[in-house]
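# Architecture at a glance
One letter stands for each residue in the lines below.
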Amino acid sequence: MIKPTKKISDVKQMVKSCASSRVAVRVNLGRNKSVSYQGVLSGVYPALFTVKPDDKDFLGKTAYSYSDVLCGNVKIKRL
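Everything in this summary refers to the structure shown in the same document. (Residues numbered from 1 in each chain as written. Predicted model: local features only at pLDDT ≥ 70, side-chain atom pairs only at ≥ 80, totals over all residues. Heavy atoms only, no water.)

### Some points on the environment of Lys-52
Inspection of the secondary structure assignment puts Lys-52 in strand S3 (residues 48–53). Lys-52 sits in the partly exposed class, given a relative accessible area of 43%. In this structure, Lys-52 is in contact with Gly-39, Val-40, Ser-42, Gly-60 and Lys-61, ignoring residues within four places of it in sequence. (Helix = DSSP H or I, 4+ residues; strand = E, 2+ residues; numbered from the N terminus. Buried < 20%, exposed > 50% of the residue type's maximum accessible area, 1.4 Å probe, protein only. Contact = heavy atoms within 4.5 Å.)

### A short note on the pairing of strand S1 (residues 22–30)
One ladder, built from eight bridges, connects S1 with strand S2 (residues 33–44); its direction is antiparallel. Of the residues in S2, the one forming a bridge with Val-25 is Tyr-37. Linking S1 back to S2 in an antiparallel pair, the connection comprises two residues, with Arg-31 at a positive phi of about 50°. (Pairing = 2+ DSSP bridges.)

### So, the state of the cysteines
Under the definition given, this model contains zero disulfides. In this structure Cys-18 is not part of a disulfide, and its nearest cysteine sulfur, from Cys-71, lies 19 Å away. For Cys-18, a relative accessible area of 5% gives the class buried. (Disulfide = S-S within 2.5 Å.)

### As for the environment of Arg-31
Here Arg-31 is to be found in the loop between S1 and S2. With relative accessibility at 79%, the residue Arg-31 sits in the exposed group.

### Focus: the sheet that holds S1
Ordered by their spatial adjacency, five strands build an open sheet running S4-S3-S2-S1-S5, and the pairing between neighbours is antiparallel. Strands with a single pairing partner mark the edges of an open sheet, and in this sheet they are strand S4 (62–65) and strand S5 (74–78). Along the sheet, successive strands turn relative to each other by an average axial angle of 40°, direction set aside. In the sheet, S1 pairs with S5 via five bridges, with the strands oriented antiparallel. If you follow Val-25 over to S5, its bridge partner there is Ile-76. (Axes fitted to C-alpha atoms, helices over the stretch in contact; angles between N-to-C directions.)

Written as C-alpha cells, this is what we have:
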C-alpha cells in the first residue's frame, strides 16, 4: 500500500504548533539503531528546528531539518 504524501509545509506547520513545548523525540540512526529522549522544542527556524534535551549530562541542543521528519528519520510527539 502506498503511503499518502505529505508536504514539507505540513511538517513545518506541525513543528511550529509544538514550539516551546515538551516533546518526545525518536531518531533513527540506521542499522536497527535508534535513540529516544524527551526535551523542549526550543527554536523553530526556516530550515531547521532545535530541541533541548532534559538530560542533565547533555549541555547543548540538537538540530534537525524538516526533511528528516518528512522522511521518517526523526519522529516528534507532543507530550
